[in-house]
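# Architecture at a glance
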Amino acid sequence: AEIAKKPSNVSFSEAASIPLAGLMALQALRRGGVKEGSKVFIPGGAGGVGSLAIQIAKKMLKASHVCTTASAGAGTEICEKA
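Residues numbered from 1 in each chain as written. Predicted model: local features only at pLDDT ≥ 70, side-chain atom pairs only at ≥ 80, totals over all residues. Heavy atoms only, no water.

Take the overall build of the protein next. From N to C terminus, the protein includes three helices and two strands. In the protein, the succession of α and β elements from N to C terminus is α-β-α-β-α. Projected onto its principal axes, the C-alpha positions of the protein cover 35 × 35 × 20 Å. Averaging the locations of the 10 positively and 5 negatively charged side chains of the protein gives two centres separated by 7 Å. (Helix = DSSP H or I, 4+ residues; strand = E, 2+ residues; numbered from the N terminus. Lys, Arg positive; Asp, Glu negative; His and termini not counted. Charge placed at Lys NZ, Arg CZ, Asp CG, Glu CD.)

In structure tokens, the structure reads:
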């Protein structure tokens, strides 16, 4: 296990929710059968689970294409990157 210092601009509640959102994203992608070369659609890509699902699909599971939806506003920058 690794330990990281909590950023001062993040509350303890927010910091505690990150691992749960990441686990939920990973489980959903695995249940969906995402593997290397898969094409993936992730609705709500600017949200907590969606933003982590995008990163997990691209980097860990090596999906070839990841498409998403997001409402305009904060957090959408992850949805625009190639």
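A word on unusual backbone geometry. The residue Lys62 is not glycine, and still its phi comes out positive at about 55°. Residue position: Lys62 is located in the loop between helix H2 (48-60) and strand E2 (65-68). What makes Lys62 partly exposed here is its relative accessible area of 46%. (Buried < 20%, exposed > 50% of the residue type's maximum accessible area, 1.4 Å probe, protein only.)

If you check helix H1 (residues 12-31), its first and last C-alpha atoms are 30 Å apart, about what 20 residues at 1.5 Å a residue would give, namely 28 Å. At Ile18, H1 shows its maximal bend, which comes to roughly 25°, and the proline Pro19 appears one to four places after that position. Among the residues of H1, Ala21, Gly22, Ala25, Leu26 and Leu29 are the ones counted as buried. Close packing links the buried residues of H1 with strand E1 (39-42) and H2. The first or second residue beyond H1 is Gly33, which carries a positive phi of 75°. (Expected span 1.5 Å × (residues − 1). Bend = angle between axes of the 7 residues up to and from the residue. Contact = heavy atoms within 4.5 Å.)

For the rest of this paragraph, the subject is the environment of Ala21. Residue placement: Ala21 occurs in helix H1. Given a relative accessible area of 14%, Ala21 falls into the buried group. Considering only alpha carbons, one finds Ala21 and Thr76, 55 residues apart in sequence, at a separation of 17 Å. Those residues in contact with Ala21 that lie beyond four places of it in its chain are Gly48, Val49 and Leu52.

A one-sided burial pattern is seen for E1, the buried positions being Val40 and Ile42 and the unburied ones Lys39 and Phe41. The sheet contact formed by E1 and E2 spans four bridges and is parallel. Within E2, the position partnered with Val40 by the bridge is Val66. The handedness of the E1 to E2 crossover, carried by H2, is right-handed. (Pairing = 2+ DSSP bridges. Right-handed = clockwise from strand over helix to strand, strands pointing away.)

These values are about where atoms sit, not about what they do.
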